[in-house]
Amino acid sequence: MADSVVLDPVDLQLLTLLQNDARTTYRELAAAVGVAASTCLDRVARLRRSGVILGHQLRLDPAKLGRGLEALLSVQVRPHRRELVGPFVERIRVLPESRAVFHLAGPDDYLVHVAVADTADLQRLVLDEFTARREVARVETRLIFQAWDCGPLLPPL
């Protein structure tokens, strides 16, 4: 597990602002937290170097891209051995329908968030890409009706 990084109140403010809008300029960030723009630039660079900031992503609306049905697939892999699960995860990660893959503890080994066009596309995905694999013992599908984003991720108090 990676070591945590010590963050001061200014760092926390910067992270909150950037999580709300990663396009915020350094000048705007600096004004919001009360430091010089060069100080803001240095702090954000340090947060990147230390691995606190992992990158920037563009969020897209799956429905507007023809993938209006989202689901969570609980997948059980048997036997659950490294030589089988590695290729399984790599295959699932490159599927255009896959949004996220989580390795779990408990009765299911993986939780896969997918976005598909419709129920027929979901059925095709489950049958052709999941249950057709020899190592997949079981797939359980849960449709996502609605999802909400939560607040910025900050360290525990």
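Everything quoted here is computed from the prediction, not taken from an experiment.

Conventions we followed
Residues numbered from 1 in each chain as written. Predicted model: local features only at pLDDT ≥ 70, side-chain atom pairs only at ≥ 80, totals over all residues. Heavy atoms only, no water. Pairing = 2+ DSSP bridges. Helix = DSSP H or I, 4+ residues; strand = E, 2+ residues; numbered from the N terminus. Axes fitted to C-alpha atoms, helices over the stretch in contact; angles between N-to-C directions. Contact = heavy atoms within 4.5 Å. Core = buried A, V, L, I, M, F, W, Y, C linked by side-chain atoms within 4.5 Å. Buried < 20%, exposed > 50% of the residue type's maximum accessible area, 1.4 Å probe, protein only. Phe/Tyr/Trp six-rings, centres within 6.5 Å; stacked < 30°, edge-to-face > 60°.

## Remarks on the sheet that holds strand 1 (residues 69-77)
So, step 1. One open sheet holds the 4 strands; their spatial order is 2-3-1-4, and the pairing between them is antiparallel. The open sheet has two edge strands with one neighbour each: strand 2 (98-103) and strand 4 (136-144). Strand-to-strand twist in this sheet, taken as the mean axis angle between neighbours without regard to direction, amounts to 20 degrees.
So, step 2. In terms of strand pairing, strand 1 meets strand 4 through 8 bridges, oriented antiparallel. Of the residues in strand 4, the one forming a bridge with serine 74 is glutamate 140.
So, step 3. Most of the contacts of helix 4 (residues 82-94) go to strand 3 (residues 110-116), to which it runs at about 20 degrees, and overall it touches strand 1, strand 2, strand 3 and strand 4.

## As for unusual backbone geometry
So, step 1. Across the junction of arginine 78 and proline 79, the peptide omega takes the value -10 degrees, indicating a cis bond.
So, step 2. For proline 79, the position within the fold is in the loop between strand 1 and helix 4.

## Some words on the pairing of strand 2
So, step 1. Bridge count for strand 2 against strand 3 is 5 bridges, and the pairing is antiparallel. Opposite histidine 103, over in strand 3, you have tyrosine 110 as the bridge partner.
So, step 2. Taking the residues between adjacent antiparallel strands as the criterion, strand 2 and strand 3 are bridged by 6 residues, where glycine 106 takes a positive phi near 120 degrees.

## Concerning the nonpolar core
So, step 1. In this structure, Leu73, Val75, Phe88, Tyr110, Val112, Leu122 and Phe130 are the most contacted members of the largest nonpolar core, which totals 20 residues.
So, step 2. Breaking this core down by element, the ones donating at least two residues are strand 1, helix 4, strand 3, helix 5 (119-130) and strand 4.
So, step 3. Per-element tally for this core: the top contributor is strand 1, with 5 residues.
So, step 4. Discounting chain neighbours no more than four positions away, the residues touching phenylalanine 130 are Leu73, Val75, Phe88, Ile92, Leu95, Val112, Leu125, Val136 and Val139.
So, step 5. Of all hydrophobic cores here, the second largest spans 11 residues; its members include Leu14, Leu29, Val44 and Ile53.

## Some words on the packing of aromatic side chains
So, step 1. One pass over the full model with this rule turns up 2 aromatic pairs.
So, step 2. Centre to centre, the rings of phenylalanine 88 and tyrosine 110 are 5.3 Å apart; their planes meet at 55 degrees, and the pair counts as tilted. Of this pair, phenylalanine 88 sits in helix 4 while tyrosine 110 sits in strand 3; the two residues are 22 residues apart in sequence, bridging distant segments of the chain. There is no split in this pair, since phenylalanine 88 and tyrosine 110 are both buried.
So, step 3. Between the aromatic rings of phenylalanine 88 and phenylalanine 130, the centroid separation amounts to 6.4 Å while the plane-to-plane angle is 75 degrees, which identifies the pairing as edge-to-face. In this pair, phenylalanine 88 sits in helix 4 while phenylalanine 130 sits in helix 5, placing the two residues 42 residues apart along the sequence. Phenylalanine 130 shares its class with phenylalanine 88; the two are buried.
So, step 4. By way of ring pairs, the aromatic residues Phe88, Tyr110 and Phe130 are connected into one cluster.

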